[in-house]
Amino acid sequence: MATDPLLSFLQRVQSNALRSMGPTNFDPKLYVDLPLKTDLPAAISAFNSLPRQSGTIPISEFNTFLTQFFEEAGSDLVYAKPVDFKPEPEGFLVEVENEVVRRWALEVHAIWKTLSRRVSDAVKIRPERHTLLYLPGTVIVPGSRFREVYYWDSYWVIRGLLASKMYDTAKAIVFNLVSLIESYGHVLNGARTYYINRSQPPLLSSMVMEIYTRTGDVELVKRVLPALLKEHSFWVSDIHQVTIQDQRGRKHCLSRYQARWYQPRPESATIDEELSLKLSTPSEKDSFYHEIASTAESGWDFSSRWMRNSSDLTTTATTLIIPVDLNTFIFKLERDISTFTKIIGDNSTSQKFIEVSKSRKAAIRSLLWNPNLGQWVDYWLDEHDAHQGVYSWNPGSQNCKNFASNFVPLWLLAHYKDQLTEEFDEELIINSLKKSGLICEYGIATSLSNTGQQWDFPNGWAPLQHMIIEGLASAHSKEARQLAESIAINWIKTNFVAYKKTGAIHEKCNVESCGEYGGGGEYKPQTGFGWTNGVILALLEEFGWPHKDRYRSKDRYIAINYQNSSVQKRTAIIYRLVPKEPATDATVPPSNQLSSFKYLIPFFLLPTSSMSPKHHSFRIFGNITREERVTGKKYVDILIFAFELEKEKKRNNKNNRRN
Ligand SMILES: OC[C@H]1O[C@H](O[C@H]2O[C@H](CO)[C@@H](O)[C@H](O)[C@H]2O)[C@H](O)[C@@H](O)[C@@H]1O
């Protein structure tokens, strides 16, 4: 149980809530986010006096207690219209010319208003009643259950805000994170008391660099630098830094994730406690809690990437892993500090950080690079192999499984190009990515293992798409740049379709299926969603979307929607979306390819009157797998996207005619 008196009380409330209300739709985080209406002792004494039947508080008494003593979760962050929000800012996504996509982008842009908050004065006046931490400026929250600002999410939020021309809001987020460093020595996982014990992937310097590049704001750089130096010390401090001796006897220092926490995570205490039941000793349990909190520091909570046995979360061993993405981020932090100190004329610190970054680069090269795979990989430390705190490197301890994180160093191509291309064979890496199996139809999969954890297959996460796309787009080869564009387009498509289907932007997507959001993990899929919005806007800014619909060249004659999805009755409706160009024979699929389907062609559903029966043909694009033939999935996916666009276009034409 947490030692903070409010947290430990809220954990008691949380565990009683589970007992009183049962596990259906139970989210433990809700209870540790509740702001107190009264002082803590009054709430504790009322709670202790509640009637209990076999240790369980009856649901009606429990609910009355909640309303009497708590405000609603999230009510201590109040809605605040961002000062710099404009419905269509000047210069907004100028290369997005297609009106349907542009209108959608404006809707995504408008979501910033709904995610924008300010910490209420109540938190400043009586911090002891809140787990929410006071922050001086506007925040953008990820959305839904994530009612507070998050560290690494903020980088992609800021990328989107910059596309939205909301520089002041972007700077306010940075200043909030700086205030956390000033108070706690590091940026917290999120701005809640229960996140103080850990950080998240260090991307503050990258946020500042992006803002500086757009605004040239030297004052911002000056203000943030001391905090960045402090943050660097945190990531190279004893708990995070590890020394490893390579095969040639050279000692290298690299960093790992490690939380200062040996108890259940308060926001998920009921889950952690239940998982720990299979462990027998208190020390095994403490170490499990420690590993779980350390994994949350990685942002990849949870994933087979950290587990010895991918079906057993209690085998998580994050503190014994040297993660390739973390060291890429710290390398970038070091280079960014060097750039910033140079900007303000502090050449000696700038030079010092160049040297520091060179050492990290050499360490990454020696310990994390795998030339046979053409990938960077995580390295697993062997506890028994450390002599006086120095581990010996063993090539067999590299984790050679495919994870999207293995390609995160590519991101440096977009920022410090020379650093990568000097030493690594770009073609080898890009071929390795192409062969990895990670690039799926609608995005880059997090891993290849379908474990039910949310940072695994088939989930794709916006930040991972963005870093890899941005790296590929900055590569030398045209092929890599094309690959970047095609991943970006497919990612945008799937988010578009998901939005049209559900009315929301999602935290993660299923990369196998257009418009399907991701699942798995310990909480229900969330919407909002800060970093996904940010990445959509950043990618649209980078790649644009031309007038002539991009999807047409490939998806022209799209086609099928099931009326009845049962396999026995494979009844489909074919919509002909682009009726003006009659298809040639070559575009008609061999009849055996879809012979099991019965096609119905309801002409009243077809989009234009120029449709005529002789134009029923359609084009099959790409290869159709057996599964797709049976399920018709590919067609349905494309249909939704194409049909939505078509409908929208018709609506626009009608409006234009009216005007
Ligand atoms: O409540 C469970 C965990 O939730 C957070 O992690 C997930 O959401 C974050 C916000 O979008 C994101 O940064 C993280 O990558 C996700 O895995 C939280 O960060 C964890 O600490 C928390 O235990």
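Above this note sits the structure.
All values reported here derive from a predicted model rather than from experimental measurement. (Residues numbered from 1 in each chain as written. Predicted model: local features only at pLDDT ≥ 70, side-chain atom pairs only at ≥ 80, totals over all residues. Heavy atoms only, no water.)

Enquirer: I would appreciate a short explanation of the site of the ligand in the present structure.
Expert: Residues in close proximity to the ligand total 21 residues, the closest being Asp153, Asn189, Glu267, Gly299 and Asp301. Within the side chain of Trp152, a nitrogen or oxygen atom sits 3.1 Å from an oxygen atom of the ligand. Asp153 places a side-chain nitrogen or oxygen 2.6 Å from an oxygen atom of the ligand. Its free accessible area being 480 Å², the ligand has 100% of it covered by the protein chains. (Near = heavy atom within 4 Å. Polar contact = N/O pair within 3.5 Å; in protein donor to acceptor, adjacent residues only side chain to side chain. Areas by Shrake-Rupley, 256 points an atom, 1.4 Å probe, with all protein chains shown as cover.)

Enquirer: Before we go on, may I ask you to explain the sheet that holds strand 10 (residues 386-387) in this structure?
Expert: The strands that make up a sheet are held in pairs by hydrogen bonds between backbone atoms, and each pair lies either parallel or antiparallel. Strand order across the open sheet formed by 4 strands is 5-4-11-10, with mixed pairing between neighbours. Because the sheet does not close on itself, it has two edges, and the strands there are strand 5 (251-255) and strand 10. Examined bridge by bridge, strand 4 (residues 241-245) and strand 5 share 5 bridges and lie antiparallel to one another. Bridge pairing in strand 5 places Gln245 opposite Lys251. (Pairing = 2+ DSSP bridges. Helix = DSSP H or I, 4+ residues; strand = E, 2+ residues; numbered from the N terminus.)

Enquirer: It is not clear to me how empty space enclosed by the protein should be interpreted in this structure. Could you clarify?
Expert: The final tally for this structure, using the stated rule, is 3 cavities of 30 Å³ or more. Quantified by volume, the largest cavity comes out at close to 290 Å³. Lining the largest cavity we find 26 residues, and of these Phe146, Tyr150, Gln200, Asp301 and Tyr523 sit closest to its centre. Each residue belonging to the lining of the largest cavity can be placed in one class, and the counts come to 12 nonpolar, 5 polar and 9 charged. (1 Å grid on protein atoms, 1.4 Å probe; cavity = no way out; pocket = protein on both sides within 12 Å on 5 of 7 lines; lining within 4 Å. Points joined across faces, edges and corners; volume = space filled by probe spheres on them. Nonpolar A, V, L, I, M, F, W, Y, C, P; charged D, E, K, R; others polar.)

Enquirer: Explanation requested: helix 1 (residues 5-21) in the structure shown.
Expert: Its 17 residues give helix 1 an end-to-end C-alpha distance of 24 Å, which sits within 8% of 24 Å, the value for a rise of 1.5 Å per residue. The inward-facing, buried residues of helix 1 contact helix 2 (28-32), helix 3 (40-48), helix 4 (59-69) and helix 11 (269-276). At the N-terminal boundary of helix 1, the capping side chain belongs to Asp4, with an oxygen 3.0 Å from the backbone nitrogen of Leu6. Positioned one or two residues after helix 1, Gly22 has a phi angle of 85 degrees, which is positive. (Expected span 1.5 Å × (residues − 1). Contact = heavy atoms within 4.5 Å.)

Enquirer: How do you make sense of the environment of Arg12 when you look at a structure like this?
Expert: If you trace the backbone, Arg12 turns up in helix 1. Residues Arg12 and Met1, spaced 11 residues apart in sequence, show a C-alpha to C-alpha distance of 8.7 Å.

Enquirer: Would you take a moment to explain the pattern of salt bridges for this structure?
Expert: When the charged atoms of two side chains lie near each other, side chains of opposite charge can form a pair. Throughout the structure, instances matching the rule amount to 26 salt bridges. In this structure, Lys29 engages Glu148 in a salt bridge whose closest nitrogen and oxygen atoms are separated by 2.8 Å. Of this pair, Lys29 sits in helix 2 while Glu148 is found in the loop between strand 3 (139-140) and helix 7 (151-163), placing the two residues 119 residues apart along the sequence. On the accessibility criterion, Lys29 (0% relative accessible area) is buried. Residue class for Glu148 comes out buried when judged on its relative accessible area of 0%. Here Arg265 ties to Asp272 by a salt bridge, and the two come within 2.7 Å at their closest N and O atoms. Overall, the relative accessible area of 2% leaves Arg265 in the buried class. Through salt bridges with shared partners, a single ionic network connects Lys29, Asp33, Arg147, Glu148 and Arg192. (Salt bridge = Lys/Arg side-chain N within 4 Å of Asp/Glu carboxyl O. Buried < 20%, exposed > 50% of the residue type's maximum accessible area, 1.4 Å probe, protein only.)

Enquirer: Which parts of the structure should I look at to understand the nonpolar core?
Expert: Side chains of nonpolar character tend, in soluble globular proteins, to be buried together. Counting 167 residues, the largest nonpolar core has Phe65, Phe70, Val174, Leu204 and Leu472 as the members making the most contacts within it. Of the residues forming this core, the biggest block, 11 residues, is contributed by helix 18 (residues 478-502). If sequence neighbours within four positions are ignored, Val174 has contacts with Ile158, Leu204, Met207, Val208, Ile211, Leu220 and Val224. Judged by nonpolar contacts, the second largest core, of 7 residues, contains Tyr289, Ile292, Phe302 and Leu313. (Core = buried A, V, L, I, M, F, W, Y, C linked by side-chain atoms within 4.5 Å.)

Enquirer: Mind showing me how you'd approach the environment of Trp306 here?
Expert: On the secondary structure map, Trp306 appears in the loop between helix 12 (282-298) and strand 6 (321-322). Relative accessible area serves as the criterion here: at 0%, Trp306 is assigned to the buried category. It is 28 Å that separates the C-alpha atoms of Trp306 and Leu7, two residues lying 299 residues apart in sequence. Non-local contacts of Trp306, meaning those with residues more than four positions away in its chain, are made with Tyr257, Thr295, Ser298, Trp300, Thr315, Thr316, Ala317, Thr318, Ile321, Pro323 and Trp380.

Enquirer: Just checking my understanding: could you explain the pairing of strand 2 (residues 116-119) for this structure?
Expert: Regular strands have side chains that alternate between both faces of the sheet. Here strand 1 (residues 77-79) pairs with strand 2 via 3 bridges, running antiparallel. Across the sheet, the residue bridging to Leu77 is Val119, located in strand 2. Two elements, strand 2 and strand 3, share 2 bridges in a ladder whose sense is antiparallel. Within the sheet, the bridge partner assigned to Ser116 lies in strand 3 and is Ile140.

Enquirer: What is the right way to read the sheet that holds strand 3 from this model?
Expert: Pairing is antiparallel in the open sheet, where 3 strands are placed in the order 1-2-3. Either end of the sheet is taken by a strand with one partner, and the two such strands are strand 1 and strand 3. Running at roughly 20 degrees to strand 2, helix 5 (residues 99-115) makes contact with strand 1, strand 2 and strand 3 of the sheet. (Axes fitted to C-alpha atoms, helices over the stretch in contact; angles between N-to-C directions.)

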